[in-house]
Amino acid sequence: MNGTLRANGATIYYEVHGTGPVLLISQSGEGDADRTADLVRHLAGDHTVITYDRRGLSRSTIDRPGDGATMADHVDDVHHLLAAVTDRPAHMLGCSFGAAIGLHLAVEHPEQLHTLIAHEPVTPGLLFASERARHVRELEELQHLYRERGLADAFVKIAEALGIDPVAQDTEPGLTPHPLNDRRRAGFDFFIRNDFTAIARDTLHVAALADTPVRVIPAFGRTTPRHVFDHRCALELAALLAVEAREFPGGHNGSTTHPRAYATRIRELLAGSGEDALDVG
């Protein structure tokens, strides 16, 4: 099933697959509702899996495109989406930028979440001031590179910053192809021009995460280099919450490169969390 909902100045496209406890997937990068199609297939047998296009991407349109989107807009969209599909606390998998959105939701709308798996959140506010400033500059430099030299050059540097090897990454067999078509190019354009700025200007109340009733599970990819920004954010989140950061298959994009093993890991972490009370209302 798919549908749309109206949010503040935008129309949000979403999809619903399967039955059982609600699991919302908030994607990384330019990823839209189709990005984790393989992962969804492995989860939909025992979960109601919600995927969506973030505003500005693919089928989620902004009334005034020139206004762009702030982190607050993205968080508000997920707040309204969850309210539209269930009246009970849901599970959420947030990947990269999606994890940053999930952390806001855990602070600002904790009644909507039971468990948040925050896989390598791109959240500079989790880092010490000097490291945070360095990575904000990195985002600004990547935006400049994109404007000056285009997507091909920027893509190489973005992958490097996130610890992704697009040439030699290990994958499971039989994955659904995601070619770099016009829709993905447009998604990358919005993500780099707009959402990099949303990350750099993020005002997450980091200290409040320690008091959220939401079960937050910091996560990182097995092959993500330990020194890169996204891995560091996962470790700092774990330290803040005084919990263990959990390892997932693959690297930063493990949800797409290792969907079968990734789904198994999600089930392991959600086991015993009272899922029976989380079906769609």
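The shown structure was predicted, so the numbers you read here are calculated from the model rather than taken from an experiment.

### Some thoughts on the pairing of strand S3 (residues 22-26)
Of all 5 residues in S3, 5 are buried, a share of seventy percent or more. Burial along S3 is two-sided: the residues Val22, Leu24 and Ser26 and Leu23 and Ile25 are all buried. Taken together, the 4 bridges between S3 and strand S4 (residues 48-52) define a ladder with parallel strand orientation. Looking across to S4, one finds that leucine 23 is bridged to valine 49. One crossover worth recording links S3 to the parallel S4 by way of helix H1 (residues 37-43), and it is right-handed.

### Focus on the side chain of glutamate 15
For glutamate 15, the position within the fold is in strand S2 (residues 10-17). Judged by its relative accessible area of 11%, glutamate 15 falls in the buried class. Among all residues touching glutamate 15, those that are not within four sequence positions of it are Met1, Asn2, Ala33, Asp34, Val49, Ile50, Thr51 and Arg59.

### A look at the pattern of salt bridges
Applying the stated criterion to the full structure yields 25 salt bridges. We note a salt bridge from glutamate 15 to arginine 59, for which the minimum N-O separation is 4.0 Å. One end of the pair, glutamate 15, is in strand S2; the other, arginine 59, is in the loop between S4 and strand S5 (61-62), and 44 residues separate them in sequence. You can call arginine 59 partly exposed: its relative accessible area is 27%. Taken together, the shared-partner salt bridges in this structure form one network comprising Glu15, Asp32, Asp34, Asp53, Arg59 and Arg183.

### Points about the environment of histidine 252
Its location among the elements puts histidine 252 in the loop between strand S9 (246-248) and helix H8 (254-257). On the basis of relative accessible area, histidine 252 is assigned to the buried category, the value being 5%. Along the sequence, histidine 252 and glycine 163 sit 89 residues apart, while their C-alpha atoms lie 7.1 Å from each other. In contact with histidine 252, other than residues within four places in its own chain, are Ser96, His119, Glu120, Leu162, Ile164, Thr224 and Asp230. One polar contact links histidine 252 to serine 96, side chain to side chain, over a distance of 2.9 Å. Polar side-chain contacts of histidine 252 include one of 2.8 Å to the side chain of aspartate 230.

### Examining unusual backbone geometry
If you check the backbone angles, serine 58 has positive phi at about 50° while not being a glycine. On the basis of relative accessibility, which here comes to 28%, the residue serine 58 falls in the partly exposed class. Positive phi values are uncommon outside glycine, yet glutamate 120 reaches one of about 45°. Inspection of the secondary structure assignment puts glutamate 120 in the loop between strand S7 (113-119) and helix H4 (129-149).

### Thoughts on the packing of helix H2 (residues 71-85) against helix H3 (residues 97-108)
To describe two helices that pack against each other, one gives the angle between their axes and the distance between the axes. In contact at an axis separation of 9 Å, H2 and H3 are set at 70° when each is read in the N-to-C sense. In terms of axis orientation, H2 runs roughly perpendicular to H3. Taken together, the residues of H3 that come into contact with H2 (itself represented by Met71, His74, Val75, Val78, His79 and Leu82) are Phe97, Ala100, Ile101, His104, Leu105 and Glu108. In the contact of H2 with H3, the residues fall into 8 nonpolar, 3 polar and 1 charged.

### Regarding the packing of aromatic side chains
In the structure shown here, the tally under the stated rule is 4 aromatic pairs. Consider the rings of phenylalanine 155 and phenylalanine 188, whose centres lie 5.6 Å apart with planes at 85°: the pair is edge-to-face. With phenylalanine 155 in helix H5 (residues 151-162) and phenylalanine 188 in helix H6 (residues 182-200), this residue pair connects regions lying 33 residues apart in the sequence. Exposure remark for phenylalanine 155: the relative accessible area of 33% places this residue in the partly exposed category. By the ring-pair criterion, three or more aromatic residues cluster together here, those being Phe97, Phe191 and Phe196. Here the basic side chain of arginine 265 rests over the ring of phenylalanine 248, its NZ or CZ set 5.9 Å away from the ring centre.

### Topic: the environment of isoleucine 164
Mapped onto the fold, isoleucine 164 is located in the loop between H5 and H6. When its relative accessible area of 18% is taken as the criterion, isoleucine 164 is described as buried. In the structure, isoleucine 164 is positioned 32 residues away from arginine 132 in sequence and 20 Å away in space, judged by C-alpha atoms. The contact partners of isoleucine 164, leaving out residues within four places of it in the chain, are Ala159, Gln169, His252 and Asn253.

Reading the values: the criteria
- Residues numbered from 1 in each chain as written.
- Predicted model: local features only at pLDDT ≥ 70, side-chain atom pairs only at ≥ 80, totals over all residues.
- Heavy atoms only, no water.
- Buried < 20%, exposed > 50% of the residue type's maximum accessible area, 1.4 Å probe, protein only.
- Helix = DSSP H or I, 4+ residues; strand = E, 2+ residues; numbered from the N terminus.
- Pairing = 2+ DSSP bridges.
- Right-handed = clockwise from strand over helix to strand, strands pointing away.
- Contact = heavy atoms within 4.5 Å.
- Salt bridge = Lys/Arg side-chain N within 4 Å of Asp/Glu carboxyl O.
- Polar contact = N/O pair within 3.5 Å; in protein donor to acceptor, adjacent residues only side chain to side chain.
- Axes fitted to C-alpha atoms, helices over the stretch in contact; angles between N-to-C directions.
- Parallel < 35°, antiparallel > 145°, perpendicular 65-115°, else oblique.
- Nonpolar A, V, L, I, M, F, W, Y, C, P; charged D, E, K, R; others polar.
- Phe/Tyr/Trp six-rings, centres within 6.5 Å; stacked < 30°, edge-to-face > 60°.
- Lys NZ or Arg CZ within 6 Å of the ring centre and 35° of its normal.

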